[in-house]
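Structural overview for review
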Amino acid sequence: MKRARILPPLALASASLSACAGPLSTLDPAGPSADAVANLWWVMFWASVLLFLLVGGLWALVWLRPGFGRSLAPMRWVVLGGLVMPGVLLTLLVGFALYIGERLLPHALADPPPRVSAHGIMWQWQFSYPDIAGAATTPTLHIPAGAPVDIVVTSGDVVHSFWVPRLAGKIDAIPGHRNVIRIQADRPGTYEGVCAEFCGDGHTTMRFRVEAHAPQDYRQAVLEAAP
Amino acid sequence: MSESPPLSPIRLHKALERIWGTGPGWQRLSAVNHTVLGKRFMLTAFVFFAIGGVLAMLIRAQLASPHAAFVGPEIYNQLFSMHGTLMMFLFAIPMLEGLAIYLLPKMLGARDMAFPRLTAYGYWCYLFGGIIIVASMLFGVAPNSGWFMYTPLSSQPYTPGINADIWLLGVTFVEISALSAAIEITVSILKLRAPGMALGRMPLFAWYMLVTAMMMVFGFPPLILGSILLELERAFGLPFFDPTRGGDALLWQHLFWLFGHPEVYIIFLPAAGALSTIIPVFAQRRIVGYHAIIAAIVALAFLSFGLWVHHMFTVGIPHLALAFFSAASALVAIPTAVQIFAWLATLAHGRPRFEVPMLYVMGFFLVFVIGGLTGVMLAMVPFDQQAHDSYFVVAHLHYVLVGGFVFPMLAAAYYWLPHVTGRQSVHRISVPAFWLIFIGFNLTFFMMHLTGLMGMPRRVYTYPSNFGWDWLNLLSSVSGFILTMGFALFAMDIVLHFRFGRRFRRNLWRAPTLDWAMPTRPTSYAFASLPTVTGHAEEADPDTLGPQLAGGQGYLGFVRKNRLETLGVDMTTGRVEHVAILPSPTYLPFISGALTTGVVLAMLFKFYIIALLFALATFASFLFWSREKGEREDCGPIAIGKGETAPPDAEVSGPSAYWAMVIGLAANGTGFAALLFGALYLWLVAPAWPPPQIVGPSLWLWLVLPALGLASLASRWAQGTNASGRDPRLQLSVGMGLDIAALIVLSLALAALPDPTAHAHMATMAALLGYSWLHAALGLFCGLNALLRYRWGYVSARRPLPLRLNLMWHDFTLVTGLLGVALILAMPGLIGALEAAR
Amino acid sequence: MSRSDVPPLYLLLIPLGFVIWSIAFVTLYAANAIGCAFGWDMGAQRMVLIALALGFLALSTLASFRIWRFWTGRARHQPAPAASLAQIGTYTALSALAASLGTFVPGLAVSLCI
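Fair warning: this is a prediction, and the values are worked out from it, not measured in the lab. (Residues numbered from 1 in each chain as written. Chains lettered and ligands numbered in written order. Predicted model: local features only at pLDDT ≥ 70, side-chain atom pairs only at ≥ 80, totals over all residues. Heavy atoms only, no water.)

Check the secondary structure of chain A and you find 5 helices and 9 strands. Helices and strands appear in chain A in the N-to-C order α-α-α-α-β-β-β-β-β-β-β-β-β-α. Computed over the C-alpha atoms, the radius of gyration of chain A is 22 Å, more than 25% above the 17 Å expected from 2.2 N^0.38 for a compact globule of 227 residues. Taken along the three principal axes of its C-alpha coordinates, chain A extends 75 × 40 × 35 Å. For chain A, the computed accessible surface area is about 9700 Å², with 62% contributed by carbon and sulfur atoms. Measuring between centres, the 16 positive side-chain charges of chain A sit 14 Å from its 15 negative side-chain charges. (Helix = DSSP H or I, 4+ residues; strand = E, 2+ residues; numbered from the N terminus. Rg over C-alpha atoms; globule rule 2.2 N^0.38 Å. Areas by Shrake-Rupley, 256 points an atom, 1.4 Å probe, with all protein chains shown as cover. Lys, Arg positive; Asp, Glu negative; His and termini not counted. Charge placed at Lys NZ, Arg CZ, Asp CG, Glu CD.)

If you want it as structure tokens, here you go:
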């Protein structure tokens, strides 16, 4: 697992939760973006477990050992537990999360990644390939593996949301707006995507498939793809 | 002035009960008493909670297994939309209002809320609005666009039926009732307290409710405005949210969440207020950090407004803006942690004793802390972009709302039920009920976090079995039924409590607050005489105070002219300021509520002429309210007992009604600010701009300002005339004539606009003028009200209130009119500048 | 109609710090939106935002200091609840100052318009 080289102890724990794998699982990342978020999750998860045990433990102690906390002045409790502890932890966390978020943005690159358009309408996705002359619109999203791709997400009617959990977070398709999300699949394969924003009666079935192709096969695959 | 000799406690009780009490039978419809209405609010809210719970069961039944065919998407969409709507708008908000209405006067040492008829009117609006919303389910036309009603899905082309209109009109109806309750709660806390209760001595619960009510005052207007705009779009084609005609779907999201996020804290704070009351009682120690907690809840209130965009992290807003909202969302955990540790410190430094309410407080602690921790996770932008709109969010919000509201309310129920009924529970059903609720809840929702992380989006009516979600959903569904059994057991326990509970004498929990310094069950007038607060109100001694007050040894321990009297105090110091004279039971709130329901129903079925007639009838009924209440002569200070005197409310400069107007205008101004924001937002962000035609200055537009200005001047003139002891009716009539002139000018200015359905630019300009039109019309009503009250003898130089209110309204109309016209005139320049930059 | 010893205006001590924070928050958010819509130069926009943030931080610091001085000085000699209100006001003003640092400092380092 890729995570293992970044945060070994967390990977161990996540491996024990092998039930977390699945075609739509954010905990089974298949690209750098989803991977970064999964790491963030495991950091927050274990920190939360510790904090919960701390607060739960204090709650138990005040009942089971009355008077144990008297050595600490009342306002000390409030300042240490209510201000200092969350203040320090949240500063670290916000900084870490913004750093990760900044890296996931579709920054302008010297070598611009290929663009694919994802257009949501009630209730299907239409993918088109402005970079590839002669490519038809497809119901399956084709991307090259191993490199970033910018997906330009638009809507023809109501708000939809483009989400391929194993590759990256989601971005909304909002009528009249044009949003870009950068995704990357590390290796060729098939990934599942859903519409994440409620969009009416067909919301449930507005799913789609992503096929990541080896870079050398990509162009041909798009041209041959079924419309 | 002579004082009659004190009555015996029994005679005093009978005398007070005769004028404060609500009659039996049909007379119950005339109740205006806070104890009666507080109970009604809470009971009704519980009924809606039960209905919402049944909907949740249907949802879980459908999701128990993959490919379930129990309901299709058409029904399922109504189920979850209604579940959210019921729980947020018809359960949580009215429940906290009911609690506040029942408790506040009792904790503050007053006999009732500031505006008892408004309490009753709010209740009827809530009940009738709730019935309309719930009844829509029976006809299969319930709202089906989710409880946050995202446009354009909720707009006409995509939801052509009546479903969305029911949400918009029904919820707005209920919201307006909530807003009036918020104004009433604020004023009651600030003005109607026991003598000597300076703000710094006020019980924390009142501080919590004060902050909550102020949040409602500023939080609800954006949603009310948004709902009105969306209904205008659906009914008349004004394209505020239609991206093809210069509107923007995101404007709705901003307006909705500007309300929607504070809403969560509006729900949490009163529950936390209950906890801050209950925990010290069982810790047998005063709360730790009184001032720090007040600062924390103020911080929480403000921060909660600064993080509405955290519901919109995936709509494509620049990272810098997201960073602000992300940091604010994380920061909000700090004032929450301050409270948690203040409670823990109170217990650690006290001598805690474990009783049933504390069991539920424990449930709160454990569940709410998890909700808080996942809340911090969701505040992190990259994580939210994965978890947003997945079942992780569903799990999180249930942890926060059930942990932060339902568990504290259950604790509060077990704590205050003996107060309501005068009985204490004998059966210990509350304990198994707790464990069923606690275990059922955690089994239902804990693993749901994982369901979300495994990619299950919200609001899907079914799922295939290859995604690994099957066992998780089955677990949630089965456990949901355990949870339901817990609530059923709770309901049963309450019934048994009423029926078989053992009577107790006084102050069951040995609480140190004034709500226990009265007979339980409470009498309609709450205190036979009003207490004096000399120390902190959280260190009162109900056991000795109660009998003294019942014996008439406090203030106002007598009945005078069959009037319902309580004391009004100076807002900050709590010094006696006036005698507030409250209205007797009356059917008028019920009649006005029924007429308002007529307005809503007529609009729902698009009979706009009939709606207008009902609206006029509603306002006419308000004039009858005005006719019933007041003083017909100047009487100067009157005795209040203990050898002291105070003037009646009509003769002081800052009575409750004055402050209600101030706060009402603050709410109104917030709505107007949201409208200005909407107009500028669309200009800056919406697609399909520039508009095909730009609204230019017209003659009528220029005339709006002098018309509104003169109407305001006339109101000032009328007030001055009255203040110097002369008859102000001529000036008032001139003012009303000027209001009519303003209405005509505004109508012509509206007519001179290009077609407002063509583009959002024209629509927003029309909305600005329409806002002024509505205010000029209401100004006419204010003038008429002042005129009639003068005629009925309620106004004199010393009793000038109706004229002052009339002036305040007209000044407000002038200022908002100025701003509105200024924006209309600035628009062509703004549009040009943006086009030049592009 | 006697004047109050502690006028209702004293109540505004409590929200004052956070009112400044709210205005700062909305101003910065609006400046960012306007800058992106009008296509300002990124460097210039960042400078504008930093200058605004510094201005509001200074204002917030000043407000906290003044309320604190009032609490520890004049309010002590006034009737209740002047000191209570000033104490709560000091706490909230300091919280608002901390909130300004917490919300604006990390934000100003990241991308402006994407």
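To continue, consider the overall build of chain B. What chain B contains, in helices and strands, is 24 helices and 6 strands. Taking 2.2 N^0.38 as the reference for a compact globule, 838 residues should give roughly 28 Å; the C-alpha atoms of chain B span a radius of gyration of 27 Å, in line with that estimate. Structurally, chain B occupies a C-alpha span of about 80 × 70 × 45 Å along its principal axes. Considering chain B as a whole, with its 838 residues, one finds that 69% of them fall into the buried category. Once local pairs closer than 6 in sequence are excluded, the contacts in chain B between residues at least 24 apart make up 83%. Total accessible area on chain B stands at roughly 25900 Å², and carbon and sulfur atoms take up 69% of it. Where the 48 positive side-chain charges of chain B centre and where its 38 negative ones centre are 11 Å apart. (Buried < 20%, exposed > 50% of the residue type's maximum accessible area, 1.4 Å probe, protein only. Contact = heavy atoms within 4.5 Å.)

Moving on, we get to the pattern of salt bridges. Residues and elements named next belong to chain B. Within the structure shown, the criterion is met by 20 salt bridges over all chains. Residues Asp-242 and Arg-245 are paired through a salt bridge, measuring 3.0 Å at the closest nitrogen-oxygen approach. On the accessibility criterion, Asp-242 (17% relative accessible area) is buried. Under the relative-accessibility criterion, Arg-245 is labelled partly exposed at 27%. Note that Glu-651 and Arg-798 form a salt bridge whose closest N and O atoms lie 3.0 Å from each other. Of this pair, Glu-651 sits in the loop between β6 (644–646) and α20 (656–685) while Arg-798 is found in the loop between α23 (760–791) and α24 (801–837), placing the two residues 147 residues apart along the sequence. Judged by its relative accessible area of 42%, Arg-798 falls in the partly exposed class. Overlapping salt bridges, with partners in common, bring together Arg-560, Arg-563, Glu-565 and Glu-631 in one network. (Salt bridge = Lys/Arg side-chain N within 4 Å of Asp/Glu carboxyl O.)

Turning our attention to the nonpolar core. Ranked by size, the top nonpolar core spans 399 residues in total, and within it Ile-151 and Phe-162 of chain A together with Trp-207, Met-380 and Phe-383 of chain B carry the most contacts. Here this core gets 24 residues from one element, more than from any other, and that element is helix α7 (residues 249–283) of chain B. When residues are assigned to domains, this core turns out to be shared by domain 1 (3–104) and domain 2 (115–224) of chain A, each giving three or more. When sequence neighbours within four positions are dropped, the list of residues in contact with Met-380 of chain B reads Leu-40, Met-44, Leu-93, Val-94 and Ala-97 of chain A together with Ser-326 and Ala-330 of chain B. Counting 8 residues, the second largest nonpolar core, distinct from the first, contains Leu-12, Tyr-525, Ala-528 and Leu-582 of chain B. (Core = buried A, V, L, I, M, F, W, Y, C linked by side-chain atoms within 4.5 Å. Domains from an automatic or database assignment.)

All names here are of chain A. Domain parsing of chain A yields domain 1 (3–104) and domain 2 (115–224). If you average the C-alpha positions of domain 1 and of domain 2, the two centres end up 33 Å apart. Contacts between domain 1 and domain 2 engage 13 residues on the former and 14 residues on the latter. Linking domain 1 with domain 2 are 1 salt bridge, by the criterion used here. Between Asp-28 and Arg-166 there is a salt bridge, and its shortest N-O distance comes to 3.7 Å. Linking domain 1 to domain 2 there are 4 residue pairs in polar contact (both at pLDDT 80 or more). Ranked by residue count, the leading element in the side of domain 1 that touches domain 2 is helix α3 (residues 32–64), at 3 residues. In terms of residue class, the side of domain 1 that touches domain 2 is made up of 7 nonpolar, 5 polar and 1 charged. (Polar contact = N/O pair within 3.5 Å; in protein donor to acceptor, adjacent residues only side chain to side chain. Nonpolar A, V, L, I, M, F, W, Y, C, P; charged D, E, K, R; others polar.)

So, about the confidence of the model for chain A. Looking at chain A, pLDDT values average 91 and 92% of them are 70 or higher. Note that pLDDT drops below 50 for residues 1–6 of chain A; the model gives that stretch 14 contacts with residues more than four away or on any other chain. (pLDDT = per-residue confidence, 0-100.)

Okay, the UniProt feature "domain: Cytochrome oxidase subunit II copper A binding" (unreviewed entry) in chain A next. UniProt's entry tags residues 111–224 of chain A with the feature "domain: Cytochrome oxidase subunit II copper A binding" (unreviewed entry), counted in the numbering of this structure. Taken end to end, residues 111–224 of chain A comprises 9% helix and 42% strand; its first and last C-alpha atoms sit 26 Å apart. (UniProt positions renumbered as here; feature names shortened; annotations may be inferred.)

Let us look at the interface of chain A and chain B. Interface size is commonly expressed as the accessible area that is lost once the parts come together. On the chain B side, the residues contacting the 77 residues of chain A number 84 residues. The largest per-residue losses of area from chain A upon contact with chain B belong to Trp-59, Trp-63 and Phe-198 of chain A, which jointly make up 12% of the total buried on that side. The interface formed by chain A and chain B includes 0 salt bridges. Along the contact surface separating chain A from chain B lie 18 residue pairs in polar contact (both at pLDDT 80 or more). Looking at the side of chain A that touches chain B, the elements with two or more residues in it are α3, α4 (74–104), β6 (171–173) and β8 (189–195) of chain A. When the residues that make up the side of chain A that touches chain B are grouped by side-chain class, the tally is 50 nonpolar, 18 polar and 9 charged. (Buried area = accessible area lost by both parts, 1.4 Å probe.)

Moving on, we get to the packing of aromatic side chains. This model, assessed by the stated rule, comprises 96 aromatic pairs over all chains. Here Phe-324 of chain B and Phe-104 of chain C contribute two aromatic rings whose centre-to-centre distance is 5.6 Å and whose plane-to-plane angle is 75°, an arrangement assigned as edge-to-face. Taken together, the residues Phe-324 of chain B in helix α9 (residues 319–331) and Phe-104 of chain C in helix α3 (residues 82–107) connect one chain to another. When sorted by exposure, Phe-324 of chain B lands in the same class as Phe-104 of chain C, which is buried. Over the aromatic face of Tyr-555 of chain B sits the side chain of Lys-642 of chain B, whose NZ or CZ is 5.0 Å from the ring centroid. (Phe/Tyr/Trp six-rings, centres within 6.5 Å; stacked < 30°, edge-to-face > 60°. Lys NZ or Arg CZ within 6 Å of the ring centre and 35° of its normal.)

Okay, the sheet that holds strand β4 (residues 149–155) of chain A next. Residues and elements named next belong to chain A. Spatial strand order, β2-β1-β4-β7: 4 strands in an open sheet with mixed pairing. The two strands at the open ends of the sheet, each matched to only one other strand, are β2 (124–128) and β7 (179–183). Ignoring which end each strand starts from, the neighbouring axes of this sheet average 25° apart. Looking at chain direction, strand β1 (residues 115–121) and β2 are connected through 5 bridges and run antiparallel. Pairing of Ala-118 across the sheet is with Phe-127, part of β2. (Pairing = 2+ DSSP bridges. Axes fitted to C-alpha atoms, helices over the stretch in contact; angles between N-to-C directions.)

Quick look at the sheet that holds strand β9 (residues 208–213) of chain A now. Residues and elements named next belong to chain A. Across the sheet, 5 strands lie side by side as β3-β9-β8-β5-β6; this open sheet has mixed pairing. One side of each edge strand has no neighbouring strand; the edge strands of this open sheet are β3 (141–144) and β6. Taken over all neighbouring pairs, the strand axes of this sheet differ in orientation by 30° on average, direction set aside. Strand direction decides the pairing type here: strand β5 (residues 160–163) and β6, joined by 3 bridges, are antiparallel. Looking at the pairing, His-160 lines up with Ala-173 of β6.

To continue, consider the pairing of β9 of chain A. Pairing of β3 of chain A with β9 of chain A involves 4 bridges; the strand directions are parallel. Directly across from Leu-141 of chain A, in β9 of chain A, lies its bridge partner Val-210 of chain A.

Moving on: the environment of Asp-634 of chain B. Residue and element names in this part refer to chain B. Topologically, Asp-634 is positioned in the loop between α19 (608–628) and β5 (638–641). Taking the C-alpha atoms as reference points, Asp-634 and Val-795, 161 residues apart in sequence, are found 9.2 Å from one another. In contact with Asp-634, not counting residues within four places along its chain, are Glu-651, Ser-796, Arg-798 and Arg-799. Looking at Asp-634, its side chain comes within polar contact range of the side chain of Ser-796, at 2.7 Å. A distance of 2.5 Å separates the side chain of Asp-634 from the side chain of Arg-799, its partner in a polar contact.

Residues annotated in UniProt with the feature "domain: Cytochrome oxidase subunit I profile" (unreviewed entry) correspond here to residues 14–534 of chain B. Secondary structure across residues 14–534 of chain B comprises 68% helix and 1% strand; the distance between its end C-alpha atoms is 29 Å.

Residue and element names in this part refer to chain B. If you trace the backbone, Thr-212 turns up in helix α6 (residues 204–236). By relative accessible area, which is 0% here, Thr-212 ends up buried. Discounting chain neighbours no more than four positions away, the residues touching Thr-212 are Leu-96, Ile-266, Leu-269 and Pro-270.

This part takes up unusual backbone geometry. Residues and elements named next belong to chain B. Residue Pro-152 is reached from Thr-151 by a cis peptide bond, and omega for that bond is 0°. Note on placement: Pro-152 falls in the loop between α4 (116–138) and α5 (163–191). Looking along the chain, the bond that leaves Thr-520 and enters Arg-521 is cis, with omega of 0°. Relative to the assigned elements, Arg-521 resides in the loop between β2 (502–503) and α17 (542–550). Although it is not a glycine, Gln-284 sits at a positive phi angle of roughly 55°.

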